[in-house]
Amino acid sequence: MKSSSVLIKKYGNRRLYDTAASRYVNLDAIAALIREGKEVRVVDAKSGRDLTRLTLTQIITEDAKNKPTGLPLELLRQLIVASDQVRQEFIMWYLKSAFDTYQKVQEAVQNRLGEVQSVILSPVEMMKKFLGATPPNSPPAAAATELDALRKRVAELEARLQKQAHPKPPRRKKTKYLKAQASSRGS
């Protein structure tokens, strides 16, 4: 048995015992284990006969009582009518294929929602795309060139700030010198 596998023993009094957790469980608890991805196996405590299929069918039936949306009536009728092995195998194959397709569609939808959510949560990335910055999958050489340009620009801005923080003393006007030269030329 796998580590994620759970053995449930069903006793004559219809009680179900989870051997992994050492406790009695109900059908809802078994359904929760299956939803968690655990492989559940149900056996008769006395005879050891496998009752997994019967128990899972019972879970589906109990779930259908609580929720009117379940398997379509026509499909249920066809399952009852499918008495020979070939038809029954085809229906099981069809159900499995339909469910696998449903799961793939769900995963694709979840992936797209994740992408949309990441765009919404990342305005910086959106602005980069809007301003035409290089895409995240750009080659490293382009990123290095862009990084060098950014470093150069930061250095220029720091130099400007440095100049503004420590301005040079104002130049004295050379008015006396200029006046003296003008008067000497004029004479």
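Scroll up to find the structure.
Computed from a predicted structure; not experimentally measured.

Our next topic: unusual backbone geometry. Phi angles above zero are rare outside glycine, and R14 is one such case at about 70°. Examined against the element boundaries, R14 turns out to sit in the loop between β1 (5-10) and β2 (16-18). Its identity is not glycine, yet S22 carries a phi of approximately 55°, on the positive side. Examined against the element boundaries, S22 turns out to sit in the loop between β2 and β3 (23-25).

Below, the discussion takes up the packing of aromatic side chains. All chains considered together, the criterion is met by 2 aromatic pairs. One Lys or Arg, R15, reaches over the ring of Y24 and ends 3.9 Å from the middle of that ring.

To continue, consider helix α2 (residues 52-66). Over its 15 residues, α2 extends 22 Å from the first C-alpha to the last, a length consistent with the 21 Å expected when each residue adds 1.5 Å. Those residues of α2 that are buried lie in contact with α1 (27-35) and β4 (39-44).

A grouping of F90, W93 and Y94 is seen on the molecular surface, where their side chains present a nonpolar patch of about 390 Å² in accessible area. With respect to the helices and strands, the residue F90 is situated in helix α4 (residues 85-121).

So, about the side chain of D18. Looking at the element boundaries, D18 is found in strand β2. Buried charge without a partner: D18 forms no salt bridge, and the closest opposite charge is R23, 4.5 Å away. At a separation of 2.9 Å, a polar atom in the side chain of D18 contacts the main-chain amide nitrogen of A20. Setting aside residues no more than four positions away along its own chain, D18 makes contact with V6, L7, I8, R23, V25 and L33.

Thresholds, definitions, all that
Residues numbered from 1 in each chain as written. Predicted model: local features only at pLDDT ≥ 70, side-chain atom pairs only at ≥ 80, totals over all residues. Heavy atoms only, no water. Helix = DSSP H or I, 4+ residues; strand = E, 2+ residues; numbered from the N terminus. Phe/Tyr/Trp six-rings, centres within 6.5 Å; stacked < 30°, edge-to-face > 60°. Lys NZ or Arg CZ within 6 Å of the ring centre and 35° of its normal. Expected span 1.5 Å × (residues − 1). Contact = heavy atoms within 4.5 Å. Patch = residues over 30% accessible without salt bridge, like charges linked within 9 Å, V, L, I, M, F, W, Y side chains within 5 Å. Areas by Shrake-Rupley, 256 points an atom, 1.4 Å probe, with all protein chains shown as cover. Salt bridge = Lys/Arg side-chain N within 4 Å of Asp/Glu carboxyl O. Buried < 20%, exposed > 50% of the residue type's maximum accessible area, 1.4 Å probe, protein only. Lys, Arg positive; Asp, Glu negative; His and termini not counted. Polar contact = N/O pair within 3.5 Å; in protein donor to acceptor, adjacent residues only side chain to side chain.

Remember, this is a structural readout, not a statement about activity or role.
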